[in-house]
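Given next are the chains, with one letter for each unit.
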Amino acid sequence: MRNIVILISGGGSNMTALVRAAQAERWAERLQARVTAVVSNRADASGLAWAREQGLQTDVVPHTEHPSREAFDAALMQVIDRHQPALVLLAGFMRILTPGFVGHYEGRLLNIHPSLLPAFPGLHTHRRAIEAGCRVAGATVHAVTPELDHGPVLAQAVVPVLAQDTPEQLAARVLSQEHRIYPQAVVAWLQ
Ligand code: GAR
(Lines give C-alpha, C1' and ligand atoms only; values in the text may rest on other atoms or scores of the structure.)
Protein backbone atom coordinates (compact mmCIF):
# COMPACT_ATOMS: atom_id res chain seq x y z
CA MET A 1 0.00 0.00 0.00
CA ARG A 2 1.29 3.49 -0.89
CA ASN A 3 0.73 6.16 1.75
CA ILE A 4 -0.31 9.69 0.87
CA VAL A 5 0.23 12.59 3.29
CA ILE A 6 -1.64 15.86 2.71
CA LEU A 7 -0.35 19.22 4.02
CA ILE A 8 -2.83 22.03 4.72
CA SER A 9 -2.85 25.46 6.34
CA GLY A 10 -6.53 26.38 6.26
CA GLY A 11 -9.96 25.20 5.23
CA GLY A 12 -8.66 22.20 3.37
CA SER A 13 -11.30 22.01 0.65
CA ASN A 14 -8.73 20.49 -1.71
CA MET A 15 -7.87 17.93 0.98
CA THR A 16 -11.56 17.11 1.28
CA ALA A 17 -11.81 16.68 -2.49
CA LEU A 18 -8.79 14.36 -2.48
CA VAL A 19 -10.05 12.23 0.42
CA ARG A 20 -13.54 11.98 -1.09
CA ALA A 21 -12.11 10.98 -4.47
CA ALA A 22 -9.93 8.34 -2.80
CA GLN A 23 -13.03 6.88 -1.12
CA ALA A 24 -15.41 7.16 -4.09
CA GLU A 25 -12.89 5.87 -6.63
CA ARG A 26 -11.55 3.13 -4.33
CA TRP A 27 -7.91 4.14 -4.64
CA ALA A 28 -6.91 1.49 -2.08
CA GLU A 29 -8.19 -1.39 -4.22
CA ARG A 30 -7.50 0.11 -7.65
CA LEU A 31 -4.26 1.98 -7.08
CA GLN A 32 -2.89 0.51 -3.83
CA ALA A 33 -2.85 4.02 -2.38
CA ARG A 34 -4.53 5.60 0.63
CA VAL A 35 -4.54 8.97 2.36
CA THR A 36 -3.04 8.22 5.76
CA ALA A 37 -2.43 11.57 7.40
CA VAL A 38 -3.07 15.30 7.25
CA VAL A 39 -0.42 17.64 8.60
CA SER A 40 -0.83 21.36 9.22
CA ASN A 41 1.45 24.20 10.28
CA ARG A 42 -1.54 25.80 12.03
CA ALA A 43 -3.45 24.24 14.93
CA ASP A 44 -6.52 26.32 13.95
CA ALA A 45 -6.66 24.99 10.36
CA SER A 46 -10.35 24.14 10.10
CA GLY A 47 -9.69 21.22 7.77
CA LEU A 48 -8.08 19.27 10.64
CA ALA A 49 -11.41 18.57 12.36
CA TRP A 50 -12.91 17.15 9.18
CA ALA A 51 -9.85 14.97 8.65
CA ARG A 52 -10.13 13.60 12.19
CA GLU A 53 -13.81 12.80 11.61
CA GLN A 54 -12.72 10.72 8.63
CA GLY A 55 -10.45 8.71 10.89
CA LEU A 56 -7.29 10.18 9.41
CA GLN A 57 -4.29 10.79 11.59
CA THR A 58 -3.62 14.51 12.00
CA ASP A 59 -0.51 16.31 13.17
CA VAL A 60 0.30 19.94 13.77
CA VAL A 61 3.81 21.33 13.38
CA PRO A 62 3.50 25.02 14.28
CA HIS A 63 5.94 27.07 12.23
CA THR A 64 5.90 29.72 14.97
CA GLU A 65 7.68 27.32 17.33
CA HIS A 66 10.76 26.99 15.14
CA PRO A 67 13.49 29.60 14.87
CA SER A 68 14.19 29.16 11.14
CA ARG A 69 12.70 27.72 7.97
CA GLU A 70 15.31 24.96 8.11
CA ALA A 71 14.32 23.99 11.68
CA PHE A 72 10.62 24.02 10.81
CA ASP A 73 11.13 21.95 7.68
CA ALA A 74 13.26 19.43 9.59
CA ALA A 75 10.48 19.00 12.19
CA LEU A 76 7.88 18.74 9.43
CA MET A 77 9.91 16.08 7.61
CA GLN A 78 10.17 14.03 10.80
CA VAL A 79 6.39 14.01 11.22
CA ILE A 80 5.70 13.29 7.55
CA ASP A 81 8.28 10.50 7.37
CA ARG A 82 6.58 8.56 10.16
CA HIS A 83 4.02 7.69 7.48
CA GLN A 84 6.65 6.61 4.93
CA PRO A 85 4.78 8.45 2.18
CA ALA A 86 4.90 7.54 -1.48
CA LEU A 87 3.33 10.92 -2.18
CA VAL A 88 3.12 14.24 -0.31
CA LEU A 89 0.40 16.63 -1.48
CA LEU A 90 0.47 20.34 -0.72
CA ALA A 91 -3.15 21.47 -0.53
CA GLY A 92 -3.30 25.11 0.45
CA PHE A 93 -0.09 24.74 2.46
CA MET A 94 1.02 28.35 2.79
CA ARG A 95 4.71 28.00 3.63
CA ILE A 96 7.77 28.50 1.45
CA LEU A 97 9.72 25.25 1.57
CA THR A 98 13.50 24.97 1.82
CA PRO A 99 15.55 23.28 -0.93
CA GLY A 100 16.40 20.56 1.63
CA PHE A 101 12.74 19.72 2.12
CA VAL A 102 11.98 19.78 -1.60
CA GLY A 103 15.03 17.62 -2.34
CA HIS A 104 14.04 15.08 0.32
CA TYR A 105 10.65 14.53 -1.39
CA GLU A 106 11.85 14.93 -4.96
CA GLY A 107 9.58 13.07 -7.37
CA ARG A 108 6.85 12.57 -4.75
CA LEU A 109 5.82 16.14 -3.88
CA LEU A 110 2.91 17.83 -5.71
CA ASN A 111 1.25 21.23 -5.28
CA ILE A 112 -1.88 22.97 -6.49
CA HIS A 113 -1.63 26.66 -7.25
CA PRO A 114 -4.55 28.97 -8.06
CA SER A 115 -3.27 30.40 -11.35
CA LEU A 116 -2.26 29.28 -14.80
CA LEU A 117 1.44 28.86 -14.05
CA PRO A 118 3.90 30.18 -15.06
CA ALA A 119 1.61 33.24 -14.75
CA PHE A 120 1.14 34.65 -11.26
CA PRO A 121 3.27 32.58 -8.91
CA GLY A 122 3.00 33.67 -5.27
CA LEU A 123 0.08 35.31 -3.48
CA HIS A 124 -3.06 37.25 -4.49
CA THR A 125 -3.29 35.47 -7.82
CA HIS A 126 -6.96 36.30 -8.47
CA ARG A 127 -6.63 40.03 -7.77
CA ARG A 128 -3.53 40.16 -9.96
CA ALA A 129 -5.27 38.30 -12.83
CA ILE A 130 -8.23 40.73 -12.70
CA GLU A 131 -5.95 43.78 -12.52
CA ALA A 132 -3.92 42.53 -15.49
CA GLY A 133 -7.12 42.29 -17.56
CA CYS A 134 -6.81 38.54 -18.06
CA ARG A 135 -9.78 37.02 -19.90
CA VAL A 136 -9.07 33.58 -18.45
CA ALA A 137 -7.66 32.34 -15.16
CA GLY A 138 -7.33 28.90 -13.63
CA ALA A 139 -5.35 26.48 -11.54
CA THR A 140 -2.27 24.31 -11.95
CA VAL A 141 -1.16 21.04 -10.41
CA HIS A 142 2.62 20.73 -10.63
CA ALA A 143 5.54 18.76 -9.31
CA VAL A 144 7.38 20.82 -6.72
CA THR A 145 10.90 22.06 -7.42
CA PRO A 146 12.99 24.38 -5.24
CA GLU A 147 11.77 27.52 -7.04
CA LEU A 148 8.41 28.69 -5.61
CA ASP A 149 5.38 27.74 -7.76
CA HIS A 150 7.50 26.30 -10.56
CA GLY A 151 8.06 22.73 -11.67
CA PRO A 152 6.60 20.50 -14.37
CA VAL A 153 2.89 21.03 -14.97
CA LEU A 154 0.74 17.92 -14.44
CA ALA A 155 -2.74 19.40 -14.95
CA GLN A 156 -4.43 22.72 -15.56
CA ALA A 157 -8.00 24.00 -15.64
CA VAL A 158 -9.10 27.23 -17.31
CA VAL A 159 -12.06 29.38 -16.23
CA PRO A 160 -13.33 32.67 -17.68
CA VAL A 161 -12.73 35.97 -15.89
CA LEU A 162 -16.07 37.78 -16.04
CA ALA A 163 -16.40 41.55 -16.46
CA GLN A 164 -17.50 42.39 -12.92
CA ASP A 165 -15.60 39.63 -11.10
CA THR A 166 -14.28 40.31 -7.62
CA PRO A 167 -11.20 38.34 -6.54
CA GLU A 168 -13.51 36.29 -4.28
CA GLN A 169 -15.87 35.39 -7.12
CA LEU A 170 -12.99 34.39 -9.35
CA ALA A 171 -11.38 32.41 -6.50
CA ALA A 172 -14.58 30.40 -6.00
CA ARG A 173 -14.81 29.61 -9.73
CA VAL A 174 -11.17 28.49 -9.79
CA LEU A 175 -11.48 26.50 -6.54
CA SER A 176 -14.28 24.32 -7.88
CA GLN A 177 -11.96 23.37 -10.76
CA GLU A 178 -9.11 22.70 -8.33
CA HIS A 179 -11.31 20.10 -6.66
CA ARG A 180 -11.67 18.35 -10.01
CA ILE A 181 -8.10 18.46 -11.36
CA TYR A 182 -6.12 17.71 -8.19
CA PRO A 183 -7.60 14.22 -7.66
CA GLN A 184 -7.32 13.56 -11.41
CA ALA A 185 -3.65 14.51 -11.43
CA VAL A 186 -2.96 12.34 -8.39
CA VAL A 187 -4.66 9.34 -10.02
CA ALA A 188 -2.55 9.87 -13.16
CA TRP A 189 0.58 10.07 -11.00
CA LEU A 190 -0.35 6.86 -9.17
CA GLN A 191 -1.08 4.87 -12.36
C1 GAR B 1 -6.42 26.94 -2.91
O2 GAR B 1 -6.97 27.87 -3.82
C3 GAR B 1 -5.00 26.60 -3.31
O4 GAR B 1 -4.80 26.52 -4.69
C5 GAR B 1 -4.25 27.76 -2.72
O6 GAR B 1 -4.85 27.99 -1.47
C7 GAR B 1 -6.23 27.59 -1.53
C8 GAR B 1 -6.46 26.62 -0.40
O9 GAR B 1 -7.81 26.27 -0.30
N10 GAR B 1 -2.85 27.49 -2.61
C11 GAR B 1 -1.91 28.41 -2.73
O12 GAR B 1 -2.14 29.59 -2.91
C13 GAR B 1 -0.51 27.87 -2.58
N14 GAR B 1 0.44 28.76 -3.17
P15 GAR B 1 -8.24 24.98 0.51
O16 GAR B 1 -7.56 25.05 1.87
O17 GAR B 1 -9.73 25.15 0.63
O18 GAR B 1 -7.82 23.78 -0.27
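The sections below set out a description of the structure shown in this document. On a predicted model such as this, the values are computed, not experimentally measured, just so you know.

**What to know about the nonpolar core**
In step 1: Core analysis: the biggest nonpolar cluster contains 39 residues, and Ile-4, Ile-6, Trp-27, Leu-89, Tyr-182 and Val-186 have the highest contact counts within it.
In step 2: If one sorts the elements of this core by residue count, helix 7 (residues 167–190) sits on top with eight residues.
In step 3: Those residues in contact with Ile-6 that sit more than four places away from it in its chain are Met-15, Leu-18, Val-19, Val-35, Ala-37, Val-38, Val-39, Leu-89 and Ala-91.
In step 4: Ranked by size, the runner-up nonpolar core spans 20 residues in total, among them Val-5, Val-61, Phe-72 and Phe-93.

**Side note on the site of the ligand**
In step 1: Inspection of the region around the ligand gives Gly-11, Gly-12, Ser-13, Asn-14, Gly-92, Met-94, Ile-112, His-113, Pro-114, Leu-175 and Glu-178 as its neighbouring residues.
In step 2: Within the contact set of the ligand, an oxygen atom lies 2.5 Å away from a side-chain nitrogen or oxygen of Ser-13.
In step 3: Between an oxygen atom of the ligand and a side-chain N or O atom of Glu-178, the distance comes to 2.7 Å.
In step 4: With the chains in place, 82% of the 460 Å² that the ligand exposes on its own is no longer accessible.
In step 5: A majority-of-atoms criterion places the ligand in the largest pocket.
In step 6: Breaking the shell around the ligand down by element, the ones donating at least two residues are helix 1 (13–24), strand 5 (109–113) and helix 7.
In step 7: Looking at side-chain class alone, the shell around the ligand contains four nonpolar, six polar and one charged residues.

**A word on the packing of helix 1 against helix 7**
In step 1: As a packed pair, helix 1 and helix 7 sit with axes 9 Å apart at the nearest point and diverge in direction by 45 degrees. Between helix 1 and helix 7, the angle falls in the class oblique. Between helix 1 and helix 7 the crossing geometry is right-handed. Of the residues in helix 7, those touching helix 1 at Ser-13, Asn-14, Ala-17, Leu-18 and Ala-21 are Leu-175, Glu-178, His-179, Tyr-182, Pro-183 and Val-186.
In step 2: Its residues assigned to classes, the contact of helix 1 with helix 7 shows seven nonpolar, three polar and one charged.

**Some details on the side chain of Ser-115**
In step 1: Looking at the secondary structure, you find Ser-115 in the loop between strand 5 and helix 6 (125–131).
In step 2: Looking at Ser-115, its side chain comes within polar contact range of the main-chain oxygen of Phe-120, at 3.1 Å.
In step 3: Not counting chain neighbours up to four residues away, the residues in contact with Ser-115 comprise Phe-120, Thr-125, Gly-138, Ala-139 and Thr-140.

Parameters and conventions
- Residues numbered from 1 in each chain as written.
- Predicted model: local features only at pLDDT ≥ 70, side-chain atom pairs only at ≥ 80, totals over all residues.
- Heavy atoms only, no water.
- Core = buried A, V, L, I, M, F, W, Y, C linked by side-chain atoms within 4.5 Å.
- Buried < 20%, exposed > 50% of the residue type's maximum accessible area, 1.4 Å probe, protein only.
- Helix = DSSP H or I, 4+ residues; strand = E, 2+ residues; numbered from the N terminus.
- Contact = heavy atoms within 4.5 Å.
- Near = heavy atom within 4 Å.
- Polar contact = N/O pair within 3.5 Å; in protein donor to acceptor, adjacent residues only side chain to side chain.
- Areas by Shrake-Rupley, 256 points an atom, 1.4 Å probe, with all protein chains shown as cover.
- 1 Å grid on protein atoms, 1.4 Å probe; cavity = no way out; pocket = protein on both sides within 12 Å on 5 of 7 lines; lining within 4 Å.
- Sits in = over half its atoms within 2 Å of the grid points.
- Nonpolar A, V, L, I, M, F, W, Y, C, P; charged D, E, K, R; others polar.
- Axes fitted to C-alpha atoms, helices over the stretch in contact; angles between N-to-C directions.
- Parallel < 35°, antiparallel > 145°, perpendicular 65-115°, else oblique.
- Left-handed = near helix turned anticlockwise from the far one by under 90°.

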